[in-house]
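Residue-level listing of the chains:
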Amino acid sequence: MGVGINVEHLNAFYGKTQALFDVNIAVAANHATALIGPSGCGKSTFIRCLNRMHETIPEARVEGAVRIGDLGVYNGTSATQLRRRVGMVFQKPNPFPTMSIYDNVAAGLKLNGFRKRKQLDEIVHKSLHSSALWDEVKDHLHKKSGASLSGGQQQRLCIARALAVQPEVLLMDEPCSALDPISTGKIEELIFQLKEQYTIVIVTHNMQQAARVAEFTGFFLLGKMIEFDKTEKIFTNPSDKRTEDYVTGRFG
Ligand SMILES: Nc1ncnc2c1ncn2[C@@H]1O[C@H](COP(=O)(O)OP(=O)(O)O)[C@@H](O)[C@H]1O
Ligand SMILES: [Mg+2]
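Rules used in this analysis
Residues numbered from 1 in each chain as written. Chains lettered and ligands numbered in written order. Predicted model: local features only at pLDDT ≥ 70, side-chain atom pairs only at ≥ 80, totals over all residues. Pairing = 2+ DSSP bridges. Helix = DSSP H or I, 4+ residues; strand = E, 2+ residues; numbered from the N terminus. Near = placed C-beta within 6 Å. Nonpolar A, V, L, I, M, F, W, Y, C, P; charged D, E, K, R; others polar. Axes fitted to C-alpha atoms, helices over the stretch in contact; angles between N-to-C directions. Parallel < 35°, antiparallel > 145°, perpendicular 65-115°, else oblique. Left-handed = near helix turned anticlockwise from the far one by under 90°. Contact = placed C-beta atoms within 7 Å. Buried ≥ 20, exposed ≤ 12 C-beta atoms within 10 Å, placed from the backbone.

Student: Account for the pairing of strand E10 (residues 224-230), naming residues and giving values.
Tutor: Two elements, strand E9 (residues 216-221) and E10, share six bridges in a ladder whose sense is antiparallel. Bridging across to E10, Phe 216 finds its partner in Lys 230. The hairpin turn running from E9 into E10, its antiparallel successor, is two residues long, and Leu 222 in that turn takes a positive phi close to 45°.

Following this line, the structure appears as structure tokens:
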């Protein structure tokens, strides 16, 4: 099941440059939350602070508190521990190109020392089902490589790979921006189904997409979270003038 995410007074830095300023947000469990805002406003930085990827960048650091369910992300939790509970999907599908479809999905489990063949088979099957890819790949799980799939299939493979370790949270950073409209539609449908089991945070530059898939939306501008509310409110009756200007296309 998904868990909630609580972020308090989050500041993020690249060296001396501050990229996020005092971000506070409570993300609801088992819902999809969209993050929108113009390029460079800190959406990716924010999402990378949730799974401790931000600190892997040299000179980058984080201040503030992040809780994923009962887990304090910056209170002694190891990055490995955390990534088992928080899956991530990137803008550009990044399957392991030389590995088979099966091995791509099983990779995270094997990394965690999981070896039982029958259970691995079951989880691979289930994950590919959940990512709506099973029917398209079931006949060549071991024959075809991750790189042999289409872009849209590769992205669903990456989603299956993220789901295989049974996370509680799925972070998606512009997961459709490299995909054609049909693949995008499939991923959006998928997000709809996945939020029954997972908490989803999705960065998107496509406001229609945010409106379609997310119950809640946060608007970022220049490293600050300007407004966070129900998606409908953000798009139809925002409280802040800057949000209104952005969602009505007056800037950005
Ligand atoms: N690796 C990095 N090193 C230094 N600055 C970065 C790095 N990544 C992002 N930034 C800066 O942080 C700010 C926020 O970027 P980012 O989080 O990528 O925005 P968004 O995802 O909303 O486009 C920008 O000013 C960007 O130039
Ligand atoms: Mg980004």
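Student: Explain the site of ligand 1 residue by residue, including any values.
Tutor: All residues in the neighbourhood of ligand 1 are listed as Tyr 14, Ala 19, Gly 37, Ser 39, Gly 40, Cys 41, Gly 42, Lys 43, Ser 44, Thr 45 and Ile 57. The dominant element in the shell around ligand 1, judged by the number of residues it contributes, is helix H1 (residues 43-50), at three residues. Counted by class, the shell around ligand 1 contains four nonpolar, six polar and one charged residues.

Student: With reference to specific residues and values, describe the packing of helix H3 (residues 101-111) against helix H4 (residues 117-130).
Tutor: The geometry of H3 relative to H4 is characterised by a closest axis approach of 10 Å and an angle of 110° between their N-to-C directions. Accordingly, the angle class assigned to the pair H3 and H4 is roughly perpendicular. Crossing of H3 over H4 shows right-handed handedness. Taking contact as the criterion, the partners of Tyr 102, Val 105, Ala 106 and Leu 109 in H3 are, on H4, Leu 120, Ile 123, Val 124, Ser 127 and Leu 128.

Student: Explain the pairing of strand E6 (residues 86-89) residue by residue, including any values.
Tutor: What you see with E6 is no split at all: Val 86 and Met 88 on one side and Gly 87 and Val 89 on the other are buried throughout. With four bridges connecting them, E6 and strand E7 (residues 169-173) associate as parallel partners. Note that in E7 the partner of Val 86 across the bridge is Val 169.

Student: Describe the sheet that holds E6, with residues and values.
Tutor: Spatially, six strands are ordered E6-E7-E8-E3-E9-E10 in an open sheet, and the strand pairing comes out mixed. In the strand order of this sheet, the two ends are held by E6 and E10, each with one partner. Ignoring which end each strand starts from, the neighbouring axes of this sheet average 15° apart. Lying on the sheet, H1 is in contact with strand E3 (32-36), E6, E7, strand E8 (199-203) and E9; it crosses E8 at an angle near 155°.

Student: Break down the sheet that holds strand E5 (residues 71-72) for me, citing the residues and quoting the values.
Tutor: Strand order in the open sheet made by the four strands is E2-E1-E4-E5, with antiparallel pairing throughout. A single partner strand is all that each edge strand has here, and the edge strands are strand E2 (17-27) and E5.

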